[in-house]
Amino acid sequence: MQFRDLSKQYACLKTQIDCAIQDVLLSSNFISGGPVKKLEKVLADYVGVKHCITCANGTDALTIALKAWNIGKGDAVFVPDFTFFSSGECPAGLGATPIFVDVDSSTYNMDPEQLEVAVQNILAEGRLTPKVVVAVDLFGLPANYEKIKKVCDKYSLFLLEDGAQGFGGEFKGKKACSFGDISTTSFFPAKPLGCYGDGGAIFTDNGSWADLIRSLCVHGKDTSNPNDPNSKYNNLRIGFNSRLDSIQAAVLLQKFESFKSNELHDINRVAKWYRECFIAEEISDVELPCIDNDFYSSWAQYTVQVPSYVNRSELQKKLKELGIPTNVYYMKPMHLQGAFSGTRSETADCPITERLCSSVLSLPIDPFKTKDEVAYVVSSIKEFLKNN
Ligand SMILES: *Cc1c(COP(=O)(O)O)cnc(C)c1O
């Protein structure tokens, strides 16, 4: 069994994807070609925002969004303590100080009450200026944007949605990547909508930010006259070289069709099977992911919490022997990463994250898993719990 089976997906879409790649090869338009423009339109429409700007990866997407707001030294950027490194790496890379906020133990997402506490602490210290909240849609589930937005409005903070794992998710009928003043996603192969290499995108309703982002993605070029071929060599600001290749866009256009029409639905069915199997096997010690009524997850991961009496690495070893790959997302709270040692970022009070880092376990999931495979994973876990 694969953790996330990308080869099954390719087998299903081989004809379309091969043709789409071939078309790009024949066009010889490898950078910013037709498929890139088409993809940006299609994704903006799906998410329900005015502008989508593709870029090289989800990390660049975060950095460029922060750069568009001129975030840097002296600024505090609030980031969940339980997330992939990029969410905190990007503000720090621009000279800002990531302030890590504890998460909710059942959704794994930023705790809006802890966010307000963190903002008040920074204001009381008086050394940094609170500027941005980076809210992450962890494991496919959108954060609680109603509550987070309230805190942002109260303290005049920008909201940046890190939807790298969240594409396809929903909250109150609105799609992930539409909640931030700017939102970002990643097309890394194992993300909910992945390409065959690196890729990313930035979403916003704000036209002037969109123009600025387009400029930043291509060496700070002049975007005032997009039809002038020479504007590329008129550089108005220091930018980046961060673009999505035409081949990746062509692959994504094909994969997006089946993502929309069946994969998102199918992966939700697999998640439901997991819950049903854990209940049928009467495994009550393992805490299952919890999706509240107003939410819809795109299941970037299916992450459970094992009870504290279980030796998690022994369980992983046993499952591996049985042909079941698992992963621990994440092993370490952000504030304890060596990269932040000795900085203000290190001093965070995040007991929930610390507990999660020692108890979470991500199980194999993708739209192609069968009910039998899910039952096998769950009964193997039960067997281990019984003998330990
Ligand atoms: C994967 C990921 C990123 C970075 O995306 P890349 O395309 O790998 O650069 C950022 N934030 C989160 C939460 C992620 O999971």
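It should be noted that the structure appears before, not after, this text.
*Asks:* Describe the sheet that holds strand β8 (residues 182–186), naming the residues involved and giving the relevant values.
*Replies:* In space, the seven strands of this open sheet follow the order β1-β9-β8-β5-β4-β2-β3, with mixed pairing throughout. This sheet does not close on itself; its edge strands, each paired only once, are β1 (51–55) and β3 (97–101). When the angles between neighbouring strand axes are averaged without regard to direction, this sheet yields 25°. Strand direction decides the pairing type here: strand β2 (residues 75–80) and β3, joined by five bridges, are parallel. Bridge pairing links Pro-80 to Val-101 in β3.

*Asks:* Talk me through the packing of helix α1 (residues 6–27) against helix α8 (residues 246–280); I want residue IDs and the actual numbers.
*Replies:* Helix-helix packing: each pair is described by the crossing angle between the helix axes and the interaxial distance. Put simply, α1 and α8 touch, their axes get as near as 9 Å, and they point 145° apart. Of the two possible hands of crossing, α1 and α8 adopt the one that is right-handed. Along the contact surface, α1 presents Gln-9, Leu-13, Gln-16, Ile-17, Ala-20, Ile-21, Val-24 and Leu-25, while α8 presents Ser-246, Ile-247, Ala-250, Val-251, Gln-254, Lys-255, Ser-258 and Glu-263. Grouping the amino acids of the contact of α1 with α8 by side-chain chemistry returns nine nonpolar, five polar and two charged.

*Asks:* Can you lay out the sheet that holds strand β7 (residues 174–175) for me, pointing to particular residues and giving the numbers?
*Replies:* Sheets are built from strands that pair by backbone hydrogen bonding, the pairs being arranged parallel or antiparallel. If you walk across this open sheet you meet the three strands as β7-β6-β10, and the pairing is antiparallel. The outermost strands of the open sheet, each flanked by one partner alone, are β7 and β10 (295–296). Pairing analysis gives two bridges linking strand β6 (residues 170–171) to β10, with the strands arranged antiparallel. Residue pairing in the sheet places Phe-171 in a bridge with Phe-295 of β10.

*Asks:* Mind laying out the packing of aromatic side chains, listing which residues take part and the relevant values?
*Replies:* The full count for this structure, using the stated rule, is 24 aromatic pairs. Each ring, one from Tyr-46 and one from Phe-256, has its centre 5.0 Å from the other, and the planes form 85°; the classification is edge-to-face. In this pair, Tyr-46 sits in helix α2 (residues 34–47) while Phe-256 sits in helix α8, placing the two residues 210 residues apart along the sequence. Each of the two residues, Tyr-46 as well as Phe-256, counts as buried. Seen from the ring of Phe-84, Lys-191 lies directly overhead, with NZ or CZ sitting 5.7 Å from the centre.

Definitions and cut-offs
Residues numbered from 1 in each chain as written. Predicted model: local features only at pLDDT ≥ 70, side-chain atom pairs only at ≥ 80, totals over all residues. Heavy atoms only, no water. Pairing = 2+ DSSP bridges. Helix = DSSP H or I, 4+ residues; strand = E, 2+ residues; numbered from the N terminus. Axes fitted to C-alpha atoms, helices over the stretch in contact; angles between N-to-C directions. Left-handed = near helix turned anticlockwise from the far one by under 90°. Contact = heavy atoms within 4.5 Å. Nonpolar A, V, L, I, M, F, W, Y, C, P; charged D, E, K, R; others polar. Phe/Tyr/Trp six-rings, centres within 6.5 Å; stacked < 30°, edge-to-face > 60°. Buried < 20%, exposed > 50% of the residue type's maximum accessible area, 1.4 Å probe, protein only. Lys NZ or Arg CZ within 6 Å of the ring centre and 35° of its normal.

By themselves these figures say nothing about function.
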